[in-house]
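Single-letter residue listing:
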Amino acid sequence: MNEIGPREAPERSTSVCILGEGRWGRAAGAILTENGHTTFFVHHTLTAWPRRFELLCLAIPVQHIRETLRRLPAPAVPVLSLGKGLEIRTGFRVTEIVRDVWGTDRLAALSGPNFAAEIQQGLPAATVAASQDEALAARVQQLFHNRRFRVYRSSDLAGVEIGGALKNVYGIAGGLCTGLELGENASASLLTRCLAEMTRLGLRLGGRAETFAGLSGLGDLILTARSRQSRNFLLGYHLARGISLKEALARIGSVVEGVPTAASVRDNLAVADIKKPVADEIYRILFEGKAIRRSMLDLLEREAAPENG
Ligand SMILES: NC(=O)C1=CN([C@@H]2O[C@H](COP(=O)(O)OP(=O)(O)OC[C@H]3O[C@@H](n4cnc5c(N)ncnc54)[C@H](O)[C@@H]3O)[C@@H](O)[C@H]2O)C=CC1
Ligand SMILES: O=C(CO)COP(=O)(O)O
């Protein structure tokens, strides 16, 4: 779909280092190259930067970010998170891990409904570039935006990262629902209640309500909780079909961020008083061996409640 690619070369080409050579790192690199920027990849075992660059993109699984950054000196450039998840033991978002390890405060995240494979095929999509530093959000927007990859900007960094992390947990729930053949009504109802839950949790964690109704919240939730292309959805689907967690993860063979994020939500966030029945049941299924049908029944048999309670 080259005809809907960038219209013209950028005013200035930016040098971008991408840490992580997986699906999403490569897809993000392809967009930057398409937009006329210079990109190069570095392996996660690196201990020194091979050359100068102006922006660092992190595209490695969230649980490996801390150990990877610790091996490297802090670069004097902004850092853009491409990852989606929360760190086990701290509950940190990706940009919080970066600040913790490197002390960097020029931080941004790019997050939205963006399957790497579709981006690589040149199909159109939209996403959000977020930073508390509005000039940095605008810079990231400008770097990635083109006619087939529409980038919106936001100053709600926390909300964008939290939506991207939590949708993975709810993606597992979506896969369970489909795997159990509960029907389209159940799937739409579940997804809507997951959005309510995501918003309650996200507000407590510093995000803004409108962010969860946007691309990085609802948009990515729709994608992940309803598509077999999603690894998180597939995990739930396999579990509902009687496949063990170990075997399902082996079959998927790539990072399933919803698993560690479910543990982090349960154990590391100050959200014990927030109603989060879906995330609680996903945790019990994954880490306590609770039977999936029992979990679904427990969700359905809760007391009737006001919709916005
Ligand atoms: N694949 C997709 O469609 C999208 C993925 N993401 C997010 O991007 C992040 C990376 O996902 P993918 O690129 O899909 O994963 P992937 O499994 O395709 O690649 C992960 C990459 O991480 C690096 N890596 C592997 N083991 C490592 C270790 N022990 N320590 C440090 N780095 C290691 C390698 O470069 C590897 O290629 C995840 O947080 C994911 O949620 C976000 C949007 C879309
Ligand atoms: O984040 C993604 C798409 O926006 C990728 O989802 P999965 O990690 O579930 O495959």
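Please read all numbers here as calculations on a predicted model, not as lab measurements.

Conventions adopted
- Residues numbered from 1 in each chain as written.
- Chains lettered and ligands numbered in written order.
- Predicted model: local features only at pLDDT ≥ 70, side-chain atom pairs only at ≥ 80, totals over all residues.
- Heavy atoms only, no water.
- Buried < 20%, exposed > 50% of the residue type's maximum accessible area, 1.4 Å probe, protein only.
- Helix = DSSP H or I, 4+ residues; strand = E, 2+ residues; numbered from the N terminus.
- Pairing = 2+ DSSP bridges.
- Right-handed = clockwise from strand over helix to strand, strands pointing away.
- Near = heavy atom within 4 Å.
- Polar contact = N/O pair within 3.5 Å; in protein donor to acceptor, adjacent residues only side chain to side chain.
- Areas by Shrake-Rupley, 256 points an atom, 1.4 Å probe, with all protein chains shown as cover.
- Nonpolar A, V, L, I, M, F, W, Y, C, P; charged D, E, K, R; others polar.
- Axes fitted to C-alpha atoms, helices over the stretch in contact; angles between N-to-C directions.
- Parallel < 35°, antiparallel > 145°, perpendicular 65-115°, else oblique.
- Left-handed = near helix turned anticlockwise from the far one by under 90°.
- Contact = heavy atoms within 4.5 Å.
- Domains from an automatic or database assignment.
- Buried area = accessible area lost by both parts, 1.4 Å probe.
- UniProt positions renumbered as here; feature names shortened; annotations may be inferred.

### Thoughts on the pairing of strand β1 (residues 15–19)
Then, in step 1: With respect to burial, β1 is a largely interior element, five of its five residues being buried.
Then, in step 2: Pairing geometry for β1 and strand β2 (residues 38–42), over five bridges, is parallel. Residue pairing for β2: Leu19 is matched across the bridge by Val42.
Then, in step 3: For the crossover from β1 across helix α1 (residues 23–34) to β2, the handedness is right-handed.
Then, in step 4: As paired elements, β1 and strand β3 (residues 55–58) share four bridges and run parallel to each other. Pairing of Ile18 across the sheet is with Cys57, part of β3.

### Focus on the site of ligand 2
Then, in step 1: Within the structure, ligand 2 sits among Lys84, Gly112, Pro113, Asn114, Phe115, Lys167, Asp220, Leu223, Thr224, Ser230, Arg231 and Asn232.
Then, in step 2: One of the side-chain nitrogen or oxygen atoms of Asp220 is found 2.7 Å away from an oxygen atom of ligand 2.
Then, in step 3: For ligand 2, an oxygen atom lies 2.9 Å from a polar atom in the backbone of Arg231.
Then, in step 4: Considered on its own, ligand 2 offers 310 Å² of accessible surface; in the complex 91% of this is hidden by protein.

### Comments concerning the site of ligand 1
Then, in step 1: If you check the shell around ligand 1, you find 22 residues, and the closest are Glu21, Arg23, Ala116, Arg231 and Glu257.
Then, in step 2: Take Trp24: an N or O atom from its main chain is 2.9 Å from an oxygen atom of ligand 1.
Then, in step 3: At 3.1 Å from an oxygen atom of ligand 1 is found a main-chain nitrogen or oxygen belonging to Lys84.
Then, in step 4: Within the complex, 83% of the 830 Å² of free accessible area of ligand 1 lies under protein.
Then, in step 5: Listing elements by their share of the shell around ligand 1, those giving two or more residues are α1 and α2 (65–70).
Then, in step 6: Tallied by class, the residues present in the shell around ligand 1 amount to eight nonpolar, eight polar and six charged.

### Looking at the packing of helix α6 (residues 157–179) against helix α7 (residues 184–204)
Then, in step 1: Between α6 and α7, the least distance of the axes is 10 Å, while the angle of their chain directions is 155 degrees. Looking at the two axes, α6 sits roughly antiparallel to α7. Crossing hand, α6 versus α7: right-handed. Each of Ile162, Gly163, Leu166, Lys167, Tyr170, Ala173, Gly174 and Cys177 in α6 lies in contact with α7, whose residues at this interface are Ala186, Ser187, Leu190, Cys194, Glu197, Met198, Leu201 and Gly202.

### Description of the domain arrangement of the chain
Interface size is often expressed as the accessible area that is lost when the parts come together.
Then, in step 1: Segmentation of the chain into domains returns domain 1 (15–155) and domain 2 (165–300).
Then, in step 2: Placing the centre of domain 1 and that of domain 2 at their C-alpha centroids yields a distance of 24 Å.
Then, in step 3: Every contact between the two is made by 24 residues of domain 1 and, on the other side, 23 residues of domain 2.
Then, in step 4: Surface buried jointly by domain 1 and domain 2 totals about 1,800 Å² across both partners, of which 60% is contributed by carbon and sulfur atoms.
Then, in step 5: On the domain 1 side of the contact with domain 2, Lys84, Leu86 and Phe115 bury the most area, a combined 34% of that side's loss.

### Some points on the UniProt feature "binding site: NAD(+)" (unreviewed entry) in the chain
Then, in step 1: Under the feature "binding site: NAD(+)" (unreviewed entry), the UniProt entry names Ala116 and Arg231. A stretch of 116 residues holds the annotated residues, and the largest C-alpha distance among them is 11.8 Å, short enough that they meet in one place.
Then, in step 2: In this structure, Ala116 sits in helix α4 (residues 116–120).
Then, in step 3: Mapped onto the elements, Arg231 comes out in helix α10 (residues 231–240).
Then, in step 4: Excluding its chain neighbours within four sequence positions, the residues that come into contact with Arg231 are Arg23, Ile252, Ser254, Val255 and Val256.

### Focus on the environment of Arg93
Then, in step 1: Its place among the elements puts Arg93 in the loop between β4 (79–81) and α3 (94–102).
Then, in step 2: For Arg93, a relative accessible area of 13% corresponds to the buried category.
Then, in step 3: Between the C-alpha atom of Arg93 and that of Ala165, which follows or precedes it by 72 residues, the distance is 8.1 Å.
Then, in step 4: Setting aside residues no more than four positions away along its own chain, Arg93 makes contact with Gly85, Leu86, Leu157, Ala158, Glu161 and Ile162.
Then, in step 5: Within the structure, Arg93 has its side chain in polar contact with the side chain of Glu161 (distance 2.7 Å).

### Structural notes on the packing of α6 against helix α13 (residues 277–287)
Then, in step 1: One can describe the packing of α6 onto α13 by two numbers: an axis separation of 10 Å at closest approach and a directional angle of 75 degrees. Between α6 and α13, the angle falls in the class roughly perpendicular. Note on element contacts: α13 touches α6 through Val278, Ala279, Ile282, Ile285 and Leu286, opposite Val169, Tyr170, Ile172, Ala173 and Leu176.
Then, in step 2: Here the contact of α6 with α13 is composed, by residue class, of 10 nonpolar, no polar and no charged.

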